[in-house]
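Breakdown of the fold
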Amino acid sequence: MPPSYPSGQALPPPPQPPPNFPGAEERQMAMWCHLASLAGYLVPFGNVIGPLVIWLSKRETMPLVDREGKESVNFQISVTIYALVSLVLAFFCIGIPLLIAVGVFAVVFAVLASIEASKGNSYKYPLCIRFIN
């Protein structure tokens, strides 16, 4: 017996997502666009290559992956530039704390972006240079 209101009326059906809401597979691939950037901690430039591969393979068929893939690739290119500048500044002792900060910054925001993408929301990274529109 379905649950009912005290007056005996049946509960209303649960709200339906809007018709253009991304499906589960599209949200999952968008999430992986952001999480693939963590490959950079295992493979040189994996932080750019991982999101780039996912974005290029799914951008034609999945609009959310197209948006999130561009955002992730732009952010990872920006992070790579910030890390290279920090590496140069390491010769002057200021770069070592900056390099650590860039690494923490990249992981934290990649995880936050992946959580938002898994919900079907777009995410805009802070301090991101938009190379790809």
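Residues numbered from 1 in each chain as written. Predicted model: local features only at pLDDT ≥ 70, side-chain atom pairs only at ≥ 80, totals over all residues. Heavy atoms only, no water.

**Focus: the overall build of the chain**
What counts here: A run of H or I in DSSP counts as a helix once it spans at least four residues, and a run of E counts as a strand once it spans at least two, with each numbered from the N terminus. The globule rule is 2.2 Å times the number of residues to the power 0.38, and the radius of gyration it is compared with is taken over C-alpha atoms. Any two residues whose heavy atoms approach within 4.5 Å at even a single point are treated as in contact. The positive count covers Lys and Arg only, the negative count covers Asp and Glu only, and His and the chain ends enter neither. Taken as the charge centre is NZ of Lys, CZ of Arg, CG of Asp or CD of Glu, depending on the residue.
The secondary structure content of the chain amounts to four helices and zero strands. Counted from the first residue to the last, the chain has its helices and strands arranged as α-α-α-α. Relative to the globule expectation of 14 Å for 133 residues, the C-alpha radius of gyration of the chain, 20 Å, shows a markedly less compact shape. Overall size of the chain, expressed as C-alpha extent along the three principal axes, is 75 × 35 × 25 Å. Sequence separation of at least 24 residues holds for 63% of the intrachain contacts in the chain that already meet a minimum separation of 6. Placing the 8 positive and 7 negative side-chain charges of the chain at their respective mean positions leaves the two points 2 Å apart.

**A short note on the packing of helix α3 (residues 63–89) against helix α4 (residues 95–118)**
Note the cut-off: Fitted lines through C-alpha atoms serve as axes, helices being fitted only where they are in contact, and the angles separating the N-to-C directions of these axes extend from 0 to 180 degrees. Just so you know how the angles are binned, under 35 degrees is roughly parallel, over 145 roughly antiparallel, 65 to 115 roughly perpendicular, and the rest oblique. Following the grouping adopted for this structure description, the nonpolar residues are Ala, Val, Leu, Ile, Met, Phe, Trp, Tyr, Cys and Pro, the charged ones are Asp, Glu, Lys and Arg, and the polar ones are all others, Gly among them.
Direction vectors running N to C along α3 and α4 enclose 170 degrees, while the axes themselves pass 8 Å from each other. Relative to α4, the element α3 lies roughly antiparallel. Every residue of α4 that contacts α3 at Leu 64, Glu 68, Phe 75, Val 79, Tyr 82, Ala 83, Ser 86, Leu 87 and Leu 89 is listed here: Gly 95, Leu 98, Leu 99, Val 102, Phe 105, Ala 106, Phe 109 and Ala 117. Its residues placed into classes, the contact of α3 with α4 shows 14 nonpolar, two polar and one charged.

**Observations concerning the packing of aromatic side chains**
For clarity, the cut-off: Two rings from Phe, Tyr or Trp (for Trp, the six-membered ring) form a pair when their centres sit within 6.5 Å of each other. Planes less than 30 degrees apart are called stacked, planes more than 60 degrees apart edge-to-face, and all others tilted. Note on classification: 1.4 Å probe, protein chains only; a residue is buried when its accessible area is under 20% of the maximum for its type, exposed when over 50%, partly exposed between these limits.
What the rule picks out here adds up to four aromatic pairs. Considering the side-chain rings of Tyr 123 and Tyr 125, the 5.3 Å spacing of their centres and the 85 degrees angle between planes classify their relative orientation as edge-to-face. Considered together, Tyr 123 and Tyr 125 belong to a single accessibility category, that of buried residues. These aromatic residues form a ring-pair network of at least three members: Phe 75, Phe 105, Phe 109, Tyr 123 and Tyr 125.

**So, the pattern of salt bridges**
Put simply, the rule is: Within this document, salt bridges are pairs made up of a side-chain nitrogen of Lys or Arg and a carboxyl oxygen of Asp or Glu, the two lying within 4 Å of each other.
Counted by the stated rule, this structure contains five salt bridges. Arg 59 is the partner of Glu 60 in a salt bridge, and the nearest nitrogen-oxygen pair spans 3.7 Å. Residue classification places Glu 60 among the exposed residues on the basis of a relative accessible area of 69%. Given a relative accessible area of 33%, Arg 59 falls into the partly exposed group. With a shortest N-O distance of 3.8 Å, Lys 119 and Glu 116 are connected by a salt bridge. Residue Lys 119 is classed as partly exposed on the basis of its relative accessible area, which comes to 48%. Within the structure, one salt-bridge network assembled from shared partners comprises Glu 71, Lys 124 and Arg 130.

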